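Structural description and commentary
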Amino acid sequence: MSANISLKPDPRRVPKGSVVPEGWTSFSNDNKQSVEAAIRSSVALREAVQITLNQTAIQLESQQSATDFAFRQRIHEMTIAKTELEWLKEKTEAEISQMEKDIDDLEMALRAKTNPLKLAHTRLENRTFRPNMELCRDEVQHGLIAEVEKLESTMQSLQRQLEQAKCALSCLQNTLYTISADLGNKSTALSLDKQCMETRKRLSAATSTDKNLILTGIESKNRYSSERDRKEGTGIYDTMFNSTIASAKETMGISNSASTNTLSLGSRQGSLLSRRQTSGAAQQVLDVSSMKSVGSDATNGKTLKGTMANREKSVLFA
């Protein structure tokens, strides 16, 4: 007799709050219908969310393509402008070099005209000291005056050309400074645009699905669970295999000891029995080995199912 049983007062009474089977069935059906409605609404919501995510992904991809095209076009235009500026800089530097050479030539020409002018001035001055009637304005005097006027006119023309050349040189130097500054700015801008393109390539290398799987830890959890199931399954079948081997060895030991203590007929029967038990133990070993291979196949199948589920989740998140 159990100590937990006894006679109860009025065991046939109807407990408070009892319902009839029809009420239980109706309540269960209502719960089932509400759950099914919730599932349908959840499915519809997830489909709407998936549609929105796909539309957003398409829009983002389109915007990314447009931005990449704008970047490439801007880099192309910037490269052309940079090449033209480099050519202009080389031409300006060559022009400045030529202008400096022209200025040197003009200064040398001015210096070359100074001594003849000094000579003509000295001759005219010396002829002013001729006495009495010798102070005549003869052809020599007119020639010297014409020579002085010609030299002064030439020197004035050279001086104007020299000033113009220096002004042009100053303008060329200012232009070169502007071109150099603009070239430096365009080189910096071109380098930044290329760095932006490289950064965008690195950021767009991984898809959004891979990022979501990594951030949420889904992929790592699936790997861990697959590895754990494989290890646990392998450990269980290893234990069963070892226990079967031990039992087979014990059986073989008992059969051998019994066969040594019996008569010749008994030893023959014991030997036959030992052979049968040994065959049975070997069959058990083979069965356990087949179970182990089946367990490994099941584990591999579970891992394959987990991989397929991950791929389905990746497609869903993508």
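This text gives an overview of the structure that appears in the document.

So, how was this worked out
- Residues numbered from 1 in each chain as written.
- Predicted model: local features only at pLDDT ≥ 70, side-chain atom pairs only at ≥ 80, totals over all residues.
- Heavy atoms only, no water.
- Helix = DSSP H or I, 4+ residues; strand = E, 2+ residues; numbered from the N terminus.
- Contact = heavy atoms within 4.5 Å.
- Core = buried A, V, L, I, M, F, W, Y, C linked by side-chain atoms within 4.5 Å.
- Buried < 20%, exposed > 50% of the residue type's maximum accessible area, 1.4 Å probe, protein only.
- Salt bridge = Lys/Arg side-chain N within 4 Å of Asp/Glu carboxyl O.

1. Describing the environment of Ile145
Of note, Ile145 is situated in helix H2 (residues 139–203). The residues contacting Ile145, other than those within four sequence positions of it, are Leu124 and Arg137.

2. Some points on the nonpolar core
Grouped together as the largest cluster of nonpolar side chains are 18 residues, with contacts concentrated most on Met99 and Ile103. For this core, the secondary structure elements donating two or more residues are helix H1 (21–127) and H2. Excluding anything up to four places from it in sequence, Met99 contacts Ala165, Ala168, Leu169 and Leu172. Counting five residues, the second-largest nonpolar core is a separate cluster that includes Phe71, Ile75, Met78 and Leu190.

3. A look at unusual backbone geometry
Note on backbone geometry: most residues besides glycine have negative phi, and most peptide bonds are trans. Positive phi is not limited to glycine here, since Asp10 has a value of about 50 degrees. Secondary-structure assignment places Asp10 in the segment before H1.

4. What about the side chain of Gln141?
Relative to the helices and strands, Gln141 resides in helix H2. Those residues in contact with Gln141 that lie beyond four places of it in its chain are Leu124, Arg127, Arg130 and Cys136.

5. Focus on the environment of Ala109
Mapped onto the secondary structure, Ala109 falls in helix H1. C-alpha of Ala109 to C-alpha of Thr154: the two residues are 45 residues apart in sequence and 9.7 Å apart in space.

6. As for the pattern of salt bridges
Oppositely charged side chains may form a pair once their charged atoms are brought near each other. Scanning the entire structure with this criterion turns up seven salt bridges. Across the pair Glu77 and Arg74 runs a salt bridge, and its minimum N-O distance is 3.8 Å. You can see Glu77 and its partner Arg74 sitting in helix H1, three residues apart, about one turn around the helix. Glu77 gets classed as partly exposed once you look at its relative accessible area, which sits at 38%. Of the charged contacts, one joins Arg130 and Asp138 as a salt bridge, the two residues approaching to 3.9 Å between their closest N and O atoms. Relative accessible area serves as the criterion here: at 26%, Asp138 is assigned to the partly exposed category.

Everything listed here is a matter of coordinates, which is why it stays silent on function.
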